[in-house]
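Each chain is listed here by its residues.
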Amino acid sequence: MCGIVGYIGPKSAAPLLVEGLKRLEYRGYDSAGLAVVTEDGIAISRAVGRVRALEDKLNKNTKIDGHLGIAHTRWATHGGPSELNAHPHTGTTSQGHTIAVVHNGIIENYMALRQYLTGKGHTFESETDTEVIAKLIAQLYDGDLEKAVQDALREVTGAYAIAVLCDAEPHTMVAARKGSPLIVGIADKAYVVASDASAIISHTTQVITLDDYQVVRLCAGHEDKQGNGGPWSVDFRTTTIDNETVSREVTELEFDLEQIELGEYKHFMLKEIMEQPQAIRNCLRGRIDHREGRVVLGGLDHIARELTRAKRFLFAAQGTAYHAGLIGEYLFEDLAKIPARCEYASEFRYRNPIIEEGTITVAVSQSGETADTLAALAEARERGAIGLGVVNSVGSTISRETDAGVYLHVGPEIGVASTKAFWDKWRS
Ligand code: GLU
């Protein structure tokens, strides 16, 4: 799953989208692309390789100018890395309008949908699963983009974060998610949509985080319909894919721009290693009561009784978080004298795990969005376990889907190799 950025507001979208994609480059990707609503309809540019290649292309084509756009860095799952497979993908409505879509995730029933849409006369140009979303929205479009997206997503199984444009609604962007993160930044008379907060932070710290099956419609534009200047109006609403209105709380991003910039360092991994002492201080701040010799973890207070009665701890995690969990096994058994076990979340979800009464499952994840860990957590809770989260990203899905938990508060982790799950004890 790779990167999404969308912008709607008074500034020119393309340069801001490219800047946003650059902030997501650390995640790795194979191609990049964007779509902007221009005076002549939706303009698309795509390139294989670095975001720089896309930027070079855009510099040669100054016509891609408009206030509304979506962009993507792709990590291919269906079809190899190529310009044709790069996002955005498009569909044409029966009225001749263009729909453009960027997508993170995997559509599991894409073969059946592709067959259905081919029967309806749509011609596919890529090998991706994503293209079926664009064509399906186009097929269902009847003058209301939000409704067409809701209708389409009810037919889709799999994981997605999407951002969608339609040239018939040049002041509107619709975005939605299920199983793949998506955040909406509320800036000054503008909205920025992104799969990761690092693409939003230079615009605003005010965000809403979408939950699974939620759709957001963002509108911004001149109040004067003729486009003769005047103040910009902005407006958003969130619904479910069944068109029930939901209210989302606006939250404040916890980190600032400086934390996601390289500064004097050559690369993020080095920067983050050097930040470890401060990260540990931030993590422990206010949590150690020296007078009483106690550790205070407010996020666990309301389940203190269940914790003291726990019979077994089960850590579910992937990658470095899994290795942190292995150390957790030793510490829990040594200090708390309670049996503890750490499992690969990806294995846990596929076997038939035995969850006895008194089992506490602890989902460990820096991002709080690790798909396998989320699935393991859901499985354990369904079987009666209490679910705890140990995550870094405030407001992330794991933090919202657990009964209680502890935030790490160690700042953003941009380097792909985890530098904050373990602390080098030789460093002061
Ligand atoms: N499954 C989509 C594709 O292969 C999206 C991959 C991604 O998340 O970047 O194009």
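In case you missed it, the structure is sitting above this.
Only a predicted model underlies this, so the values are computations on that prediction, with no experimental measurement involved. (Residues numbered from 1 in each chain as written. Predicted model: local features only at pLDDT ≥ 70, side-chain atom pairs only at ≥ 80, totals over all residues. Heavy atoms only, no water.)

Draft legend 1. View of the overall build of the protein. Along the backbone of the protein there are 12 helices and 22 strands. For the protein, the C-alpha radius of gyration of 23 Å lies close to 22 Å, the compact-globule estimate for 428 residues. Each of the three principal axes of the protein carries a C-alpha extent, and together these read 70 × 50 × 40 Å. Expressed as a percentage of contacts within the protein between residues at least 6 apart in sequence, the contacts between residues at least 24 apart total 65%. Counting only carbon and sulfur atoms, one obtains 50% of the accessible surface of the protein, whose full area is about 20300 Å². Placing the 44 positive and 58 negative side-chain charges of the protein at their respective mean positions leaves the two points 3 Å apart. (Helix = DSSP H or I, 4+ residues; strand = E, 2+ residues; numbered from the N terminus. Rg over C-alpha atoms; globule rule 2.2 N^0.38 Å. Contact = heavy atoms within 4.5 Å. Areas by Shrake-Rupley, 256 points an atom, 1.4 Å probe, with all protein chains shown as cover. Lys, Arg positive; Asp, Glu negative; His and termini not counted. Charge placed at Lys NZ, Arg CZ, Asp CG, Glu CD.)

Draft legend 2. Representation of the pattern of salt bridges within the structure. With the rule as written, the count across this model stands at 25 salt bridges. Ionic pairing is found between lysine 147 and aspartate 151, a salt bridge with its closest N-O pair at 2.9 Å. Residue lysine 147 and its partner aspartate 151 are both found in helix H5 (residues 145-153); the two are separated by four residues, about one turn of the helix. A relative accessible area of 44% means that lysine 147 is categorised as partly exposed. Shared partners join several salt bridges into a network, and the residues in it are Lys22, Arg52, Glu55 and Asp56. (Salt bridge = Lys/Arg side-chain N within 4 Å of Asp/Glu carboxyl O. Buried < 20%, exposed > 50% of the residue type's maximum accessible area, 1.4 Å probe, protein only.)

Draft legend 3. Here's a closer look at the packing of aromatic side chains. Applying the stated criterion to the full structure yields four aromatic pairs. Consider the rings of tyrosine 191 and phenylalanine 236, whose centres lie 5.9 Å apart with planes at 80 degrees: the pair is edge-to-face. In this pair, tyrosine 191 is assigned in strand E10 (residues 190-194) and phenylalanine 236 in strand E13 (residues 232-240), connecting sequence segments 45 residues apart. Look at tyrosine 191 and you get buried, because its relative accessible area is 3%. Ring geometry for phenylalanine 315 versus phenylalanine 332: centroids 5.2 Å apart, planes at 80 degrees, classification edge-to-face. Within this pair, whereas phenylalanine 315 is found in strand E18 (residues 312-317), its partner phenylalanine 332 is found in helix H9 (residues 319-336), the two being separated by 17 residues in sequence. For phenylalanine 332, a relative accessible area of 27% puts it in the partly exposed group. (Phe/Tyr/Trp six-rings, centres within 6.5 Å; stacked < 30°, edge-to-face > 60°.)

Draft legend 4. Molecular detail of the site of the ligand. For the ligand, the set of nearby residues contains 15 residues, the closest of which are Arg74, Thr77, His87, Gly105 and Asp129. Between cysteine 2 and the ligand, the recorded distance is 3.3 Å, taken from a backbone N or O atom to an oxygen atom. With respect to the pocket detection grid, the ligand is positioned in the largest cavity. Secondary structure elements with two or more residues in the shell around the ligand: strand E4 (68-74) and strand E6 (98-107). In terms of residue count, E6 provides more of the shell around the ligand than any other element does, three residues in total. (Near = heavy atom within 4 Å. Polar contact = N/O pair within 3.5 Å; in protein donor to acceptor, adjacent residues only side chain to side chain. 1 Å grid on protein atoms, 1.4 Å probe; cavity = no way out; pocket = protein on both sides within 12 Å on 5 of 7 lines; lining within 4 Å. Sits in = over half its atoms within 2 Å of the grid points.)

Draft legend 5. Region of interest: helix H7 (residues 276-284). For H7, the set of buried residues is Gln276, Pro277, Ala279 and Cys283. Buried residues of H7, viewed axially, fall in a sector of 160 degrees; they line one side. Among the structural elements, helix H6 (268-274) are those in contact with the buried residues of H7. Of the residues trailing H7, glycine 286 is marked for its positive phi of about 75 degrees. (Arc of directions from axis to C-beta.)

Draft legend 6. Layout of the side chain of glutamate 329. Structurally, the position occupied by glutamate 329 is in helix H9. Although glutamate 329 lies buried, it forms no salt bridge, and the closest oppositely charged side chain, arginine 341, sits 5.8 Å away as judged by the N-O distance. Other than its neighbours up to four places away in sequence, glutamate 329 contacts Phe315, Ala340, Arg341 and Cys342.

Draft legend 7. Focus on the sheet that holds strand E22 (residues 404-407). Strands sit in the order E19-E18-E20-E21-E22 across an open sheet of five strands; the sheet is parallel. Looking at the sheet topology across the chains shown, the edges are occupied by strand E19 (340-344) and E22. Pairwise comparison of adjacent strand axes, ignoring direction, gives a mean angle of 20 degrees for this sheet. Note: strand E20 (residues 359-365) against strand E21 (residues 386-391), six bridges, orientation parallel. Across the sheet, the residue bridging to alanine 363 is glycine 389, located in E21. The sheet strands contacting H9 are E18, E19 and E20, and the helix crosses E19 at an angle near 170 degrees. (Pairing = 2+ DSSP bridges. Axes fitted to C-alpha atoms, helices over the stretch in contact; angles between N-to-C directions.)

Draft legend 8. A look at the packing of helix H4 (residues 130-140) against H5. Orientation of H4 relative to H5, taken along the N-to-C sense of each, is 120 degrees, at an axis distance of 8 Å. Taken together, the axes of H4 and H5 lie oblique to each other. Crossing geometry of H4 relative to H5 is assigned as right-handed. Within the contact between the two elements, H4 uses Leu136, Ile137 and Leu140 and H5 uses Leu145, Ala148, Val149, Asp151 and Ala152. Here the contact of H4 with H5 is composed, by residue class, of seven nonpolar, no polar and one charged. (Parallel < 35°, antiparallel > 145°, perpendicular 65-115°, else oblique. Left-handed = near helix turned anticlockwise from the far one by under 90°. Nonpolar A, V, L, I, M, F, W, Y, C, P; charged D, E, K, R; others polar.)

Draft legend 9. Structural view of the pairing of strand E12 (residues 214-222). For E12, a buried count of seven out of nine residues is recorded, marking the element as mostly surrounded by other parts of the structure. Across six bridges, strand E8 (residues 172-178) lies against E12 in antiparallel orientation. Note on E12: the bridge partner recorded for arginine 177 is glutamine 214. Bridging between E12 and E13 involves nine bridges; their strand directions are antiparallel. Among the inter-strand pairings, cysteine 219 is bridged to a residue of E13, identified as aspartate 235.

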